[in-house]
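Listed below, chain by chain, are the residues.
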Amino acid sequence: MKNNTDKLFRLCPSFGQNYYEPGTASFVILQYKDLDGKLLFKKSLFVFNCQPDASQYVIGMFLFKYGENKYVYDLEELYKGNMNDIYEVEVHVQIEAVSLKDKKDVYKEKMDRILRW
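Let us look at the structure shown here. Fair warning: this is a prediction, and the values are worked out from it, not measured in the lab.

With respect to the environment of leucine 11
Then, in step 1: Relative to the elements of secondary structure, leucine 11 occurs in strand S1 (residues 9–11).
Then, in step 2: Exposure remark for leucine 11: the relative accessible area of 0% places this residue in the buried category.
Then, in step 3: Measuring from C-alpha to C-alpha, the distance between leucine 11 and isoleucine 95 comes to 7.3 Å, with 84 residues separating the pair along the chain.
Then, in step 4: Excluding residues that lie within four positions of it along the chain, leucine 11 makes contacts with Met1, Ser26, Val47, Phe48, Gly60, Met61, Phe62, Leu63, Tyr71, Glu96 and Ala97.

Considerations on the layout of surface pockets
Then, in step 1: One number sums up the size of the largest pocket: a volume of about 380 Å³.
Then, in step 2: Met1, Tyr71, Tyr73, Val93 and Met111 are, among the 17 residues lining the largest pocket, the residues nearest its centre.
Then, in step 3: No other element matches the five residues that strand S6 (residues 106–116) contributes to the lining of the largest pocket.
Then, in step 4: When grouped by side-chain class, the residues that make up the lining of the largest pocket number twelve nonpolar, one polar and four charged.

As for the pattern of salt bridges
Then, in step 1: This model, assessed by the stated rule, comprises three salt bridges.
Then, in step 2: For glutamate 90, the salt bridge identified is with lysine 33, shortest N-O distance 3.0 Å. Taken as a pair, glutamate 90 in strand S5 (residues 88–99) and lysine 33 in strand S2 (residues 27–33) lie far apart in primary sequence, 57 residues in all.
Then, in step 3: As a salt-bridge pair, glutamate 88 and arginine 116 come within 2.2 Å of each other at their nearest N and O atoms. In this pair, glutamate 88 is assigned in strand S5 and arginine 116 in strand S6, connecting sequence segments 28 residues apart.
Then, in step 4: With a relative accessible area of 54%, arginine 116 lands in the exposed category.

A look at the packing of aromatic side chains
Then, in step 1: For the structure shown, the criterion picks out five aromatic pairs.
Then, in step 2: Between phenylalanine 9 and tyrosine 107, the aromatic rings sit 5.8 Å apart at their centres with planes inclined by 50°, giving tilted as the arrangement. Separated by 98 residues along the polypeptide, phenylalanine 9 in strand S1 and tyrosine 107 in strand S6 bring together distant segments of the chain. There is no split in this pair, since phenylalanine 9 and tyrosine 107 are both buried.
Then, in step 3: One aromatic cluster is present, formed by Tyr32, Phe41 and Tyr79 through successive ring pairs.

Rules used in this analysis
- Residues numbered from 1 in each chain as written.
- Predicted model: local features only at pLDDT ≥ 70, side-chain atom pairs only at ≥ 80, totals over all residues.
- Heavy atoms only, no water.
- Helix = DSSP H or I, 4+ residues; strand = E, 2+ residues; numbered from the N terminus.
- Buried < 20%, exposed > 50% of the residue type's maximum accessible area, 1.4 Å probe, protein only.
- Contact = heavy atoms within 4.5 Å.
- 1 Å grid on protein atoms, 1.4 Å probe; cavity = no way out; pocket = protein on both sides within 12 Å on 5 of 7 lines; lining within 4 Å.
- Points joined across faces, edges and corners; volume = space filled by probe spheres on them.
- Nonpolar A, V, L, I, M, F, W, Y, C, P; charged D, E, K, R; others polar.
- Salt bridge = Lys/Arg side-chain N within 4 Å of Asp/Glu carboxyl O.
- Phe/Tyr/Trp six-rings, centres within 6.5 Å; stacked < 30°, edge-to-face > 60°.

Here it is, written out as structure tokens:
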């Protein structure tokens, strides 16, 4: 995710909030499906969760001026079933971040992808 502005944003939800309020969060939804389109497993998490260490977790909560954040998820590690059953993974990403200077200045972005296994 790139920030092409001179503004510092904090990804929603704020630190310590561990629940989702519609329209106020940066999250990922992963839906693992078989060849027939049957849902095998669904995982929802905040974008900055599951980062390799605590420093990347905290840094990942912010979108720095003219900066770029990369969030990487191990799809095999997150799945709790037989890997051979997976045909595709539907990925939905919603980014919502608030400027630290002006709470009314909001950065929003959505992305949907299908990854064939």
